[in-house]
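Topology and contacts: notes
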Amino acid sequence: MRTLITEYKRMFFEKKIVWLVAITVIYVTICSLFWNLRFKLDYGNTEIYYAQSAFKLWTDTINESFMAALMQIIPSMVCVLSFMDDRKNGIDNQICIRNHSNIYYIAKYITVITGGMLYNFSSVILIYVPLYFLLSTGNYGWNYLDRDSAMVGKFFTGNTAAEFVLVIAVCYAFVGGVCAAMSYVFSIWIENRVLVCIMPYIIFKILINILGQKTTLANIIIGEVDSSMEFKPFIYSVYYFLWWILLLSILLIISYTININNKK
C-alpha cells in the first residue's frame, strides 16, 4: 500500500497529467474554433450568424477522428514513460530491494491505469467549459441538452447535458485505462517511447479492420465510444474495460516473468 501511495504521489507531484489535460483542452478548443470558422472562410465576407449550443459544439468535437486518437495515445504518457525511465535508470530494482518485494510493478500498473483514466475523464469534461464560454452562441444554458441539433441516442435516459457528458467521459476513461495498461505491457518489451505510446491506437485500428462492428463481442473488444449513445449501451464499455484489463493483467504476469524476473 505504501508503494502504491508513493506512485500516486509521484503521478500528481510531477503534474504531467495536469499539463497534458491543459494542452489537450486548448488544442481541441482551437480545432473547434477553426472548424466553426470554416463557413465564414468559405463564404468570404458574408456574415453568418446562427445559434449553436455548447452541447452541439461538444458532440461535434467528440465525434472528430483526432479526438479518438488523442484518447488512445496520450493516456500512456501520464505514467508509462516514467516507468520506462525507472527501468532505464535502475530505480525499479532499487525500490524492489528496499521493499524486499516486487510489489512496485503492481503498484505502477495500477497507477498507470488510474492515470490514463483520469486524463481521458478530465479532458472530455473540461473540453465542454471553453466551448460553452468561448464558442457557443444563442441563449442556451450550459446544461441544455440540445436534442434538436445534436444526436442523443436511445441508450441515454437523462435530461441534461451534464449527465450526457459525464457518461461519455466515463466511457472514455475506460478507454484511457485500457490503452495505458496496454502500453505498460509493451514497455516491458519495447524501449522506443513513441512506439509504446501509439501501439494501442494501431492495435485497435487493426481490430476494427479485422472484426468490424457487426457483433456484440466485436463491439466489446474494439471498445469504440458511441458518443451519441445510439448504438451501444453503457454496459458495453464496462465489459470492454473488464475484458481488456483481465487479458492485459495475464500478459503482464507473463511479460514480467520472462523479461524482468528471469533477468534479475
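In this convention, every chain numbers its residues from 1, walking through the sequence in written order. Only residues with pLDDT of 70 or above have their local features reported here, since the model is predicted, and side-chain atom pairs are shown and tallied only from 80 upward, although totals for entire chains, interfaces and linings are computed over all residues. Excluding hydrogens and water, the side-chain figures rest on all heavy atoms present in the structure.

**With respect to the overall build of the protein**
Which entries qualify depends on this criterion: Helix numbers and strand numbers start at the N terminus; a helix is a DSSP run of H or I with at least 4 residues, a strand a run of E with at least 2. Between the two quantities, the radius of gyration covers C-alpha atoms and the globule rule is 2.2 Å times the number of residues to the power 0.38. Buried, partly exposed and exposed residues are distinguished by accessible area as a fraction of the type maximum, computed with a 1.4 Å probe on protein chains only: under 20%, between the cut-offs, and over 50%, respectively. The contact definition used throughout considers only heavy atoms, calling two residues in contact when any of these lie within 4.5 Å. Charge convention: Lys and Arg are scored as positive, Asp and Glu as negative, and His as well as the terminal groups of each chain are ignored. The atom standing in for a charge is NZ when the residue is Lys, CZ when it is Arg, CG when it is Asp and CD when it is Glu.
Looking only at helices and strands, the protein has twelve helices and zero strands in total. Of the regular secondary structure in the protein, the N- to C-terminal order runs α-α-α-α-α-α-α-α-α-α-α-α. Expected size for 264 residues packed as a compact globule is a radius of gyration near 18 Å; at 20 Å, the protein falls within 12% of this value. Overall size of the protein, expressed as C-alpha extent along the three principal axes, is 70 × 40 × 30 Å. Among the 264 residues that make up the protein, the fraction classed as buried is 47%. A sequence separation of at least 24 residues applies to 77% of the contacts in the protein between residues at least 6 apart. Side chains of the protein carry 20 positive and 16 negative charges; the gap between the two charge centres is 11 Å.

**A few points about the nonpolar core**
Operational definition: Nonpolar core, defined: a set of buried Ala, Val, Leu, Ile, Met, Phe, Trp, Tyr and Cys residues in which side-chain atoms within 4.5 Å join the residues together.
Ranked by internal contacts, the top residues of the largest apolar core, which has 76 residues, are Phe-55, Trp-58, Phe-164 and Trp-244. Looking at which element gives the most residues to this core, the answer is helix H9 (residues 161-187), with 16 residues. Excluding its chain neighbours within four sequence positions, the residues that come into contact with Phe-164 are Phe-55, Trp-58, Leu-145, Met-151, Val-152, Phe-156, Ser-227, Ser-228 and Met-229.

**Quick notes on unusual backbone geometry**
With the exception of glycine, the majority of residues adopt a negative phi angle, and the majority of peptide bonds are in the trans configuration. Of note in this structure, Lys-15 is not a glycine but carries a positive phi near 60°. On the secondary structure map, Lys-15 appears in the loop between helix H1 (2-13) and helix H2 (16-42). Here Met-229, not a glycine, exhibits a phi torsion of approximately 55°, which is positive. Mapping Met-229 onto the fold places it in the loop between helix H11 (216-222) and helix H12 (234-259). What makes Met-229 buried here is its relative accessible area of 4%.

**Examining the environment of Tyr-256**
Relative to the assigned elements, Tyr-256 resides in helix H12. By relative accessible area, which is 17% here, Tyr-256 ends up buried. The spatial distance from the C-alpha of Tyr-256 to the C-alpha of Met-117 is 23 Å, given a sequence separation of 139 residues.

**A word on helix H10 (residues 193-211)**
Counting along an α-helix, one turn takes 3.6 residues, and residues three or four places apart therefore face a common direction. Counted only if it meets this: Residue count minus one, scaled by 1.5 Å, sets the expected span of a helix.
Over its 19 residues, H10 runs 28 Å from end to end, which matches the ideal 27 Å to within 8%, given 1.5 Å per residue. Elements in contact with the buried residues of H10: helix H4 (65-73), helix H5 (75-89), H9, H11 and H12. Directly beyond the C-terminal end of H10, a positive phi value near 65° is found at Gly-212.

**Overview of the environment of Ile-254**
Its place among the elements puts Ile-254 in helix H12. A relative accessible area of 42% places Ile-254 in the partly exposed class. C-alpha separation for the pair Ile-254 and Val-175, spaced 79 residues apart in sequence, amounts to 23 Å.

**A word on the packing of aromatic side chains**
The condition that has to hold: Each Phe, Tyr or Trp ring (for Trp, its six-membered ring) is paired with any other whose centre lies within 6.5 Å, and the angle between the two planes then decides the class: stacked below 30 degrees, edge-to-face above 60, tilted in between.
Applying the stated criterion to the full structure yields 18 aromatic pairs. When the centroid spacing of 5.2 Å and the interplanar angle of 75° are considered together, the rings of Tyr-104 and Tyr-105 count as edge-to-face. The two residues Tyr-104 and Tyr-105 agree in class, both being buried. On the basis of an interplanar angle of 50° and a centroid distance of 5.3 Å, the ring pair of Tyr-105 and Tyr-256 is categorised as tilted. Of this pair, Tyr-105 sits in helix H7 (residues 103-126) while Tyr-256 sits in helix H12; the two residues are 151 residues apart in sequence, bridging distant segments of the chain.

**Description of the packing of H1 against H7**
The criterion, for reference: Helix axes are fitted only over the stretch in contact, all axes being lines through C-alpha atoms; the angle between N-to-C directions runs from 0 to 180 degrees. Here the word oblique covers every angle except those under 35 degrees (roughly parallel), over 145 (roughly antiparallel) and from 65 to 115 (roughly perpendicular). Each crossing gets its hand from how the near helix is turned against the far one by less than a right angle, where anticlockwise is left-handed and clockwise is right-handed.
Two elements in contact, H1 and H7, have axes separated by 9 Å at closest approach and are oriented at 40°. Taken together, H1 and H7 sit at an angle that is classed as oblique. Handedness of the crossing formed by H1 with H7: right-handed. The residues of H7 that touch H1, namely those facing Thr-3, Leu-4, Glu-7, Tyr-8, Arg-10, Met-11 and Phe-12, are Ile-103, Tyr-104, Ala-107, Lys-108, Ile-110, Thr-111, Thr-114, Gly-115 and Leu-118.

**Concerning a nonpolar patch on the surface**
The criterion, for reference: Residues enter a patch when their relative accessible area is above 30% and they make no salt bridge; the linking distance is 9 Å between like charges and 5 Å between nonpolar side chains (Val, Leu, Ile, Met, Phe, Trp, Tyr). Accessible surface is estimated by sampling points in the Shrake-Rupley manner with a 1.4 Å probe; for residues, cover comes only from the protein chains shown. Each salt bridge in this description consists of a side-chain nitrogen of Lys or Arg and a carboxyl oxygen of Asp or Glu lying within 4 Å of one another.
There is a patch of nonpolar side chains on the surface, built from Trp-189, Leu-246, Ile-250, Leu-251, Ile-254 and Ile-258 and spanning about 560 Å² of accessible area. Relative to the assigned elements, Ile-258 resides in helix H12.

Treat this as a map of the structure, not an account of what it does.
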